[in-house]
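# Examining the three-dimensional arrangement
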Amino acid sequence: MADWVEACGVDDIEEEDVIRFDHGGRTFAIYRSPDDEYFATDGFCTHEKAHLADGLVMDDIIECPKHNGRFNYKTGVAKGAPVCVNLATYPVKVEAGKVMIQIS
Amino acid sequence: MATTTKTKRDYSLVGESTRIAIEIGLASAEWYHTDVPRKAMKELMQRSDGPAIRDTIIWIVAILGSAAGVIWFWGTWWVVPFLLVYGVLYGSSSDSRWHECGHGTAFRTRWMNDAVYQIASFMLMRNPVTWRWSHARHHTDTIIVGRDAEIAVMRPPDLLRAALAFTGILDFRYSLPTLMRNAFGSISPEEKSFIPEMELHKMVTAARWHVAIYVAAIALALYWWSFLPLVLIGLPRLYGSWHMVLTGLLQHIGLADNVTDHRLNTRTVYMNPISRFIYWNMNYHVEHHMFPMVPYHALPRLHELIKHDLPEPNPSMWHAYREVWPVLLKQLQYEDYFLKRELSPTARPYREEFHALTVPAAAE
């Protein structure tokens, strides 16, 4: 059963940026796009264990801070070497100024 | 000071040192980072096409201009200065272009990074696939013996080999057979250790393209019965790589290995503006390793922001080589010996845990 979990307030993330969210022993990355939409993915790069929240958001791309691997954070798709495995994404909704993510 | 060599280093990527590095947690470890506020780091990481387009136009114009000089003055002594310039642009500055575009930080636009990366890889006689992955490993496990595929000077140092590196001969001798081997579809166990299987076919394809261009250059040379095509394509890797070696050797030489703090195994050196253009600011090497997301043009700003936490940079290449030379001589006898550079008083202490475990001797 998937649960909706409060990750952060809408203003906790700047536009075109990402923050880290830890829950239940897992780490997630929560994104705010330049279009003011919110997205969530796993918090670690699929290449090596680096926090994506330390990376750079450019349009719909998150770039890993360790090896500059790039993912589309909206779809999780890996955009080429050195990342080859897609990133897991999670449904997001905004309610009463809070960003909620659905974690299975 | 302990000076007895305990264990001979095994630089193979599939050997005993590899096993130990994985076992004790040196492989894919968490590294020390200077604290930088997210807002400042975000600004530093910002990508822009402008500086790299400007520099690339200068680079290409200078390459084509010096190549024109080589062709025009071929057969006379006037060709020498043009060869010097062309050689360094082809055989040395391509290294920093390869490096920055491999990281994807030089340009904001992805295809521009990819295009320059492919061209520079060819100029360097480097397989663009192999080297993308070996460099990723270099950043994961910087100067971790048995893990890092890009350790330029191993211990004990082979000084003759290091000197010959300035001529490009050794690199040429390694790169050309590797290229041929890959072109025939042969992949070594070491290559398989850091390149994912799904990428291996791309490595073979890239090698075949490179070989095809070299074959065309050789055919042209035979057709014209002139060395000129080879002097312009391929051979600059020999006569023009000295600047790459001059600057690149200083990145890690004489410093610690098997540590997880870039301040211990990497060096920042202040350089003249011409070398910095050729090297694309990679003289700020501690900064680059700590924060590889920061583009070359923002490294001086990053340096200003974090220098309080780093060892004092070497004020010149000459100073750095003078500092390194006695360390290398000492390493001939005691391969565990290394240079531990003094931190500024404002810095946080070195991260010592792995360092204390594996490398007991240091010069301060």
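A quick note: this is a predicted structure, and the numbers were derived from the prediction, not measured.

## Focus on the overall build of chain B
A tally of helices and strands in chain B yields 20 helices and zero strands. In terms of C-alpha radius of gyration, chain B reaches 21 Å, essentially the compact-globule figure of 21 Å for 364 residues. Burial status across chain B gives 43% buried among its 364 residues. Nonlocal contacts in chain B, meaning residues at least 24 apart in sequence, comprise 69% of its contacts between residues at least 6 apart.

## Section: the overall build of chain A
Check the secondary structure of chain A and you find zero helices and ten strands. Going from the N terminus to the C terminus, chain A shows its helices and strands as β-β-β-β-β-β-β-β-β-β. Rg of the C-alpha trace for chain A: 13 Å, near the compact-globule value of 13 Å for 104 residues, within the 12% margin. Projecting the C-alpha coordinates of chain A onto the three principal axes gives extents of approximately 40 × 30 × 20 Å. Burial analysis of chain A (104 residues in total) assigns 36% to the buried set. Sequence separation of 24 or more characterises 39% of the internal contacts of chain A that already satisfy a separation of 6 or more.

## Quick notes on the sheet that holds strand β10 (residues 98-103) of chain A
All names here are of chain A. Read across the open sheet, the three strands follow the order β1-β10-β9; overall the sheet is antiparallel. Each edge of the open sheet is held by one strand with a lone partner, namely β1 (3-9) and β9 (92-95). Ignoring which end each strand starts from, the neighbouring axes of this sheet average 35° apart.

## Some remarks on the confidence of the model for chain A
Mean pLDDT over chain A stands at 93; residues scoring 70 or higher make up 99%. Within chain A, strand β4 (residues 38-42) of chain A carries the highest mean pLDDT (97), whereas β1(A) carries the lowest (94).

## Structural notes on the sheet that holds strand β5 (residues 56-58) of chain A
Residues and elements named next belong to chain A. As summarised here, the arrangement of the three strands in space is β5-β6-β7, forming an open sheet in which the pairing is antiparallel. The open sheet terminates on both sides in strands that have one partner only, identified here as β5 and β7 (70-72). On average, each strand axis in the sheet is tilted by 25° relative to the strand beside it, whichever way the strands run. Relative to β7, strand β6 (residues 61-63) is paired through three bridges, and the arrangement is antiparallel. Residue pairing for β7: I62 is matched across the bridge by F71.

## Observations regarding the interface of chain B and chain A
Chain B puts 17 residues into the contact, and the matching count from chain A is 14 residues. Broken down by secondary-structure element, the contributors of at least two residues to the side of chain B that touches chain A are α2 (38-45) and α7 (128-140) of chain B. Sorting elements by how many residues they give to the side of chain B that touches chain A places α7(B) first, with five residues. Its residues assigned to classes, the side of chain B that touches chain A comprises seven nonpolar, six polar and four charged.

## With respect to the environment of B:P157
Residues and elements named next belong to chain B. Along the chain, the position of P157 falls in the loop between α7 and α8 (159-165). When the 20 C-beta atoms within 10 Å are taken as the criterion, P157 is described as buried. Sequence-wise, P157 and V327 are 170 residues apart; in three dimensions their C-alpha atoms are separated by 9.9 Å. Not counting residues up to four positions away in its chain, the partners in contact with P157 are A162, L328, Q331 and L332.

## A look at the pairing of β10(A)
All names here are of chain A. Where β1 meets β10, six bridges bridge the pair, whose relative direction is antiparallel. When the bridges of β10 are listed, W4 appears paired with Q102. Between β9 and β10, which pair antiparallel in sequence order, lie two residues; one of them, A96, sits at a positive phi of approximately 50°.

## Some remarks on the nonpolar core
With 94 residues, the main nonpolar core has A:V18, A:A29, A:I30, A:Y31 and A:I62 as its most contacted residues. Here this core takes six residues from helix α6 (residues 110-124) of chain B, the largest share from any one element. Residues within four places of A:Y31 in sequence aside, it is in contact with A:V18, A:Y38, A:F39, A:V57, A:I62 and A:Y73. Grouped together as the second largest cluster of nonpolar side chains are five residues, B:L26, B:I143, B:I144 and B:V145 included.

## Regarding the packing of helix α3 (residues 50-73) of chain B against helix α4 (residues 79-91) of chain B
All names here are of chain B. Where α3 contacts α4, the two axes come as close as 8 Å, and the packing angle between them is 145°. In the packing of α3 onto α4, the handedness of the crossing is left-handed. From α3, W59, A62, I63, S66, A67, G69, V70 and F73 reach across to α4, where they touch V79, F82, L83, V85, Y86, L89 and Y90. Residue composition of the contact of α3 with α4, by class: 13 nonpolar, two polar and no charged.

## So, the confidence of the model for chain B
Residue and element names in this part refer to chain B. Looking at chain B as a whole, its pLDDT mean stands at 92, while 95% of the residues score no less than 70. The low-confidence segment residues 1-5, where pLDDT is below 50, has nine contacts with residues more than four positions distant or belonging to other chains. Here residues 357-362 is modelled with pLDDT under 50, and outside its nearest four sequence neighbours on either side it reaches 17 contacts, counting other chains as well. Interface confidence for the predicted complex, expressed as ipTM, amounts to 0.85; the pTM equals 0.90.

What counts and how
- Residues numbered from 1 in each chain as written.
- Chains lettered and ligands numbered in written order.
- Predicted model: local features only at pLDDT ≥ 70, side-chain atom pairs only at ≥ 80, totals over all residues.
- Helix = DSSP H or I, 4+ residues; strand = E, 2+ residues; numbered from the N terminus.
- Rg over C-alpha atoms; globule rule 2.2 N^0.38 Å.
- Buried ≥ 20, exposed ≤ 12 C-beta atoms within 10 Å, placed from the backbone.
- Contact = placed C-beta atoms within 7 Å.
- Pairing = 2+ DSSP bridges.
- Axes fitted to C-alpha atoms, helices over the stretch in contact; angles between N-to-C directions.
- pLDDT = per-residue confidence, 0-100.
- Nonpolar A, V, L, I, M, F, W, Y, C, P; charged D, E, K, R; others polar.
- Core = buried A, V, L, I, M, F, W, Y, C linked by C-beta atoms within 7 Å.
- Left-handed = near helix turned anticlockwise from the far one by under 90°.

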